Structure formats: structure tokens, C-alpha cells
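If you want the building blocks of each chain, they are given just below.
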Amino acid sequence: MKYLDITVNKEGYIEFESDKAKIVFSTAETGKNFNRHTEDGVKTLNAIIEEFEVDEVAYMRQVHSSTVHVLSNEDIKEFIEKEGDAIITSKTNTAIGVFTADCVPVIVVDDIKGVVAVVHSGWRGTISSITKKTIETMNRKFNTDYRDVKVYVGPHIRKCCYEVSQELKETFLEETGIPEDVLFDGRRLSLEECILKDIREIGVLEENIYTLNLCTYCNEDIRLHSYRKSNGDYGRLFSFVILK
């Protein structure tokens, strides 16, 4: 796994490039709020079309599931009303993204087959291995080779700050099989460790795993939206990928 160098541009985005994709994580540095349930949030989402010169922006009604959708030629207005928590596409010039405010955004890129995915992984999605299921779907639908996959783990509430109940702790230990000293510090949980275990087990190469290593709750260098810290603010980050 590699820790990525982080630079926030003047528009408030953290951007990376692969051979065939642009990987983007929003921040709260410029006041951007991507809450799709507000008028300003929808305007901010639609502004991506002009900002990144894409044809359309696709997202879903996130429900903390392990449901994965493939975006092909559907009408975007219909697609964004679907319930699910991961999107895969081989469409170029389309931004596909997920909303987070403590949950884990994961972006997956297969430069060889020309297919990308984006995942919203809260604790329910994480324990259901949604990132693994997404990559397996890429393999099944697009013949993606696991060794070609690049995975980018975005800002989320990290082990330093994510305390869960004793019951949930025991569930994670039982379901994941990860040693307690790796997965937990007391009752503070590392969602990232669960995701890493899943993707390593299916053959994603260590040198193709990247993390921003940013905690939405306690990071002070870069402003980020955090549900637990918000006091009713309801700010949302938007993490997205564009296939060139």
C-alpha cells in the first residue's frame, strides 16, 4: 500500500491521474457541499459537468447496502434514483461518484480493460465486502484481471476516531478474522483494514493500493465534512472518477 501525497487545488479538489482515468476527492476547503438533498448540493454536483468537461454526472440513492450497479446507456435521471452503493462503468467522459461524510469512498480503476468503479463503504457495506464484490463484478462483466486493478481509498473516519459498540466490535472480529490488535484500538475500528484484507485476498497487488490517509473527523490540515462532527451540518463530500 502506498500513501499518496496530497495537494488541494484552488477548486477544493484532490486529484490524481492514471493512464485512462481521473480520480477526484472533494474537500470542504472551498465550502463545497455535495448533499444531493439540497438545492445548492444539486447545483454543485451539476457544476462538475463544466468544471471537468464531462457529459454527465452519475450517482445513486445510497442505502448502506452491498448492491452494485453497472452504468451503461441508461437515462441518467432514471439511474440516479436507483438504490445502491457502488457504480461500475466503461463509459468515457462520465463522472461516477459517491457521497460520504465519514464512510469510506473507494475508487477502482482498470486501465487495461477501460473500466472504473466507485464505492460507498460504511460499516454495513464494509462488513458485507462491497469493494470486493465490486471488483468481482468488474471481473465478471468486463473481464478485469485483479492484478491490473488500482484501488484508491479516500478520506473517511479512521481508527483514531471511529469508536463502535462492543457488540459491533465482536461482529467485525468474527466476520473478518482480522487480529484484534490490527483491526481495533480498544473499540476504535479501522474500516480500511477490512477493505484491504478483502482486496488483497482476491489478488489486487500491493503496489496498486493507494490511500489518502486522511481522517474526516480529526484532520486539521484540510477541511473535510464529517457526519459525527457536524452537529447537524449535513455536509457531504463527493468522490468520483472519470474514464478518459
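Predicted model, so just to flag it, every value in this text is computed and none were measured. (Residues numbered from 1 in each chain as written. Predicted model: local features only at pLDDT ≥ 70, side-chain atom pairs only at ≥ 80, totals over all residues. Heavy atoms only, no water.)

## Quick notes on the packing of aromatic side chains
For any pair of aromatic rings, the description rests on two quantities: the centre-to-centre distance and the angle between the ring planes.
Step number 1: Within this structure, the stated rule accounts for ten aromatic pairs.
Step number 2: Taking the centre distance of 5.1 Å and the plane angle of 75° together, the rings of tyrosine 13 and phenylalanine 52 count as edge-to-face. Taken as a pair, tyrosine 13 in strand β2 (residues 13-17) and phenylalanine 52 in the loop between α1 (39-51) and β4 (56-58) lie far apart in primary sequence, 39 residues in all.
Step number 3: Overall, the relative accessible area of 14% leaves phenylalanine 52 in the buried class.
Step number 4: Ring plane angle 25° and centroid distance 5.5 Å describe the contact between phenylalanine 34 and phenylalanine 238, whose orientation is recorded as stacked. Here phenylalanine 34 is found in the loop between β3 (21-26) and α1, whereas its partner phenylalanine 238 is found in strand β14 (residues 237-243), with 204 residues between them in sequence. (Phe/Tyr/Trp six-rings, centres within 6.5 Å; stacked < 30°, edge-to-face > 60°. Helix = DSSP H or I, 4+ residues; strand = E, 2+ residues; numbered from the N terminus. Buried < 20%, exposed > 50% of the residue type's maximum accessible area, 1.4 Å probe, protein only.)

## Regarding α1
Step number 1: In this model α1 runs 18 Å from its N-terminal to its C-terminal C-alpha over 13 residues, within 8% of the 18 Å that 1.5 Å per residue would give.
Step number 2: For α1, the set of buried residues is Gly41, Thr44, Leu45 and Ile48. Mapping the buried residues of α1 onto a view down its axis gives an arc of 100°, with all of them on the same face. The exposed set on the far side of α1, more than 90 degrees from its buried face, consists of Glu39, Asp40, Lys43 and Glu50.
Step number 3: Along its buried surface, α1 packs onto β2, β4, β7 (94-100) and β14.
Step number 4: Of the residues trailing α1, glutamate 53 is marked for its positive phi of about 55°. (Expected span 1.5 Å × (residues − 1). Arc of directions from axis to C-beta. Contact = heavy atoms within 4.5 Å.)

## Quick word on the layout of surface pockets
Step number 1: By volume, the largest pocket is sized at about 570 Å³.
Step number 2: The wall of the largest pocket is formed by 23 residues, among which His64, Ala101, Cys103, His120 and Arg236 lie closest to the centre.
Step number 3: Those elements that place two or more of their residues in the lining of the largest pocket are β7 and α3 (123-127).
Step number 4: Residues belonging to the lining of the largest pocket are distributed by class as follows: ten nonpolar, seven polar and six charged. (1 Å grid on protein atoms, 1.4 Å probe; cavity = no way out; pocket = protein on both sides within 12 Å on 5 of 7 lines; lining within 4 Å. Points joined across faces, edges and corners; volume = space filled by probe spheres on them. Nonpolar A, V, L, I, M, F, W, Y, C, P; charged D, E, K, R; others polar.)

## Focus on the side chain of arginine 158
Step number 1: Among the structural elements, arginine 158 can be located in the loop between β10 (149-153) and α5 (166-176).
Step number 2: What makes arginine 158 buried here is its relative accessible area of 13%.
Step number 3: Apart from residues no more than four positions distant in its own chain, arginine 158 is found in contact with Leu189, Glu192, Thr211, Asn213, Leu214 and Cys215.

## Observations concerning the environment of isoleucine 87
Step number 1: Its location among the elements puts isoleucine 87 in strand β6 (residues 86-89).
Step number 2: Note on isoleucine 87: relative accessible area 0%, which makes it buried.

## Quick word on the packing of helix α4 (residues 130-142) against helix α7 (residues 191-201)
Between two packed helices, what matters for the description is the angle formed by their axes and the separation of those axes.
Step number 1: The contact between α4 and α7 brings their axes to 8 Å, and the two run at 30°. When the axes of α4 and α7 are compared, the pair comes out roughly parallel. In this structure, α4 crosses over α7, and the sense of that crossing is right-handed. Together, Thr131, Lys132 and Ile135 of α4 and Ile195, Asp198, Ile199 and Glu201 of α7 make up the contact between the two elements.
Step number 2: Of the residues belonging to the contact of α4 with α7, the class tally is three nonpolar, one polar and three charged. (Axes fitted to C-alpha atoms, helices over the stretch in contact; angles between N-to-C directions. Parallel < 35°, antiparallel > 145°, perpendicular 65-115°, else oblique. Left-handed = near helix turned anticlockwise from the far one by under 90°.)

## Some remarks on the sheet that holds β3
Step number 1: Taken together, the five strands give an open sheet; going across it, the order is β2-β3-β14-β7-β4, and neighbouring strands pair in mixed fashion. Both edges of this open sheet fall to β2 and β4, since each of them pairs with a single strand only. Put simply, the sheet's adjacent strands are angled 20° from each other on average, direction ignored.
Step number 2: Across three bridges, β4 lies against β7 in parallel orientation. Opposite glutamate 56, over in β7, you have threonine 94 as the bridge partner.
Step number 3: In the packing of α1 onto the sheet, contacts are made with β2, β4, β7 and β14, and the angle to β4 comes to roughly 135°. (Pairing = 2+ DSSP bridges.)

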